[in-house]
Amino acid sequence: MASADSNNNNSFKKLGELEENQAPQPSPQTERNVMGTARNVGFIGNVLELYFSKALGMLSALFGGTDITEESEKAQDLRDGSFDNDNTIEPGGRAN
Amino acid sequence: MKTPSSFRGKSAKSPLSKKTDSEVIKLYLKTQRSDYFGLLYQRYSTKVFSKCISLLKDEALAQDATQEIFTKIFLNLAKFSERSKFSTWVYSITYNYCIDFLRKRKKSKALFSDEMENPPDIVDDVPDSALLEMEVIKLKKVLELIPTGDKAILLMKYQDDMSIKEIATILDKSESAIKMKIKRAKHKAQNVYRDIFPNNLN
């Protein structure tokens, strides 16, 4: 925003303020449309973010590939040292 | 500043209203909550609408333009790089939209003085003070009578303090072409002023 000093010497800025004060408001319908677009796009973005990776994994599995999310979960388990799904090792690590 | 209907009354007391544009944008991008975008709409919609009326000279067209401009702002918010002020970015989208719209509508008519078939030769440079110190009502009249492109370029430079480089980007022209357009627009404005206010020395 321009300072008061620069406004005093600048008729363009004074005109801008005058026109802004005299101009009617954009209609409530315009506001509703803009905010409606914002909400809808936000919602679609969230849906895509949540489900798109799952859907990709399912499609990949459907066509014979490996589910990426499943793979990455396994890799994460390995990094974390969690072997919950591994039934070849006895609880407590004792060998038979 | 006037505020749009759904925000009237509550936003002035909200701690959100104290946040800078940059902080609000970061919050919006982080949370995707539409009320943050609503706050940006509240801050700029009247200015954008007023500029659209001034350039398009039609309130209904200005309503549609304001909606399109804010949709563009919303869809490109993540690309806003903070190299310029947010207000400059918003106004650049506004000018861009309006000039594009007028170009499409007035295919045969020149939007800028230097696009006319025989642009007049410019001998002397018009000093900035000749325009900046003009009486506001007279300046308004002069701006109404010069080509809309000339008006837009003068508003970008003297009302919104845009740099030559920023104007060149908006109009997709070289910086030297913009300097020439500004020179011609000032010249045109001064000539119109002399025509309609012949008894004035200003």
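All values reported here derive from a predicted model rather than from experimental measurement.

Another aspect to go through is the confidence of the model for chain B. Per-residue confidence for chain B gives a mean pLDDT of 86, with 87% of residues at or over 70. Under a pLDDT of 50 for its full length, residues 1-5 of chain B has, in the predicted model, 21 contacts with residues more than four places off or in other chains.

Right, let's talk about helix α3 (residues 59-76) of chain B for a bit. Every α-helical turn comprises 3.6 residues, leaving residues that sit three or four positions apart pointing alike. The terminal C-alpha atoms of α3 of chain B, which comprises 18 residues, lie 25 Å apart, in line with the 26 Å expected from a rise of 1.5 Å per residue. On its buried face, α3 of chain B is in contact with α3 (28-62) of chain A together with α1 (21-31), α2 (34-56) and α4 (86-105) of chain B. Of the residues flanking the start of α3 of chain B, the one acting as N-cap is Asp58 of chain B, its side-chain oxygen 2.9 Å from the backbone nitrogen of Ala60 of chain B.

The next subject is the interface of chain A and chain B. Each side of the interface is counted separately: chain A has 30 residues, and chain B has 43 residues. Taken together, the two surfaces of chain A and chain B that pack against each other cover about 3,300 Å², and 60% of this comes from carbon and sulfur. Here chain A is connected to chain B by 2 salt bridges. A salt bridge links Glu19 of chain A to Lys140 of chain B, with the nearest nitrogen and oxygen atoms 3.5 Å apart.

Take the packing of aromatic side chains next. Residue and element names in this part refer to chain B. If you walk through the whole model with that rule in mind, you get 12 aromatic pairs over all chains. A centroid spacing of 5.1 Å and a plane angle of 70° characterise the contact between Phe37 and Phe74, whose relative ring orientation is edge-to-face. In this pair, Phe37 is assigned in helix α2 and Phe74 in helix α3, connecting sequence segments 37 residues apart. Each of the two residues, Phe37 as well as Phe74, counts as buried. An angle of 75° between the planes, with centres 5.5 Å apart, marks the rings of Phe80 and Phe86 as edge-to-face. Across the pair, exposure class does not vary: Phe80 and Phe86 are buried alike. Across from the ring centre of Phe197, 5.2 Å away, lies the NZ or CZ of Lys138, which sits over that ring. Taking NZ or CZ as reference, Lys181 lies 4.1 Å from the ring centre of Phe112, over its face.

Applying the stated criterion across every chain, the model contains 8 salt bridges over all chains. For Lys13 of chain A, the salt bridge goes to Asp161 of chain B, with nearest N and O atoms at 2.6 Å. Of this pair, Lys13 of chain A sits in helix α2 (residues 11-22) while Asp161 of chain B is found in the loop between α7 (148-159) and α8 (164-171), placing the two residues in two different chains. Linking Asp35 of chain B and Arg33 of chain B is a salt bridge whose minimum nitrogen-to-oxygen distance equals 2.7 Å. For Arg33 of chain B, a relative accessible area of 42% gives the class partly exposed.

Turning our attention to the packing of helix α6 (residues 136-145) of chain B against helix α9 (residues 175-196) of chain B. Between two packed helices, both the angle of their axes relative to each other and the distance between the axes serve to describe the pair. All names here are of chain B. It is at 9 Å that the axes of α6 and α9 come closest, and there the two elements cross at 115°. Here α6 lies roughly perpendicular to α9, going by the angle between them. In this structure, the crossing between α6 and α9 has a hand that is right-handed. Together, Lys138, Lys141, Val142 and Leu145 of α6 and Ala189, Val192, Tyr193 and Ile196 of α9 make up the contact between the two elements. Residues that form the contact of α6 with α9 fall into these classes: 6 nonpolar, no polar and 2 charged.

Rules and cut-offs
Residues numbered from 1 in each chain as written. Chains lettered and ligands numbered in written order. Predicted model: local features only at pLDDT ≥ 70, side-chain atom pairs only at ≥ 80, totals over all residues. Heavy atoms only, no water. pLDDT = per-residue confidence, 0-100. Contact = heavy atoms within 4.5 Å. Helix = DSSP H or I, 4+ residues; strand = E, 2+ residues; numbered from the N terminus. Expected span 1.5 Å × (residues − 1). Polar contact = N/O pair within 3.5 Å; in protein donor to acceptor, adjacent residues only side chain to side chain. Buried area = accessible area lost by both parts, 1.4 Å probe. Salt bridge = Lys/Arg side-chain N within 4 Å of Asp/Glu carboxyl O. Phe/Tyr/Trp six-rings, centres within 6.5 Å; stacked < 30°, edge-to-face > 60°. Buried < 20%, exposed > 50% of the residue type's maximum accessible area, 1.4 Å probe, protein only. Lys NZ or Arg CZ within 6 Å of the ring centre and 35° of its normal. Axes fitted to C-alpha atoms, helices over the stretch in contact; angles between N-to-C directions. Parallel < 35°, antiparallel > 145°, perpendicular 65-115°, else oblique. Left-handed = near helix turned anticlockwise from the far one by under 90°. Nonpolar A, V, L, I, M, F, W, Y, C, P; charged D, E, K, R; others polar.

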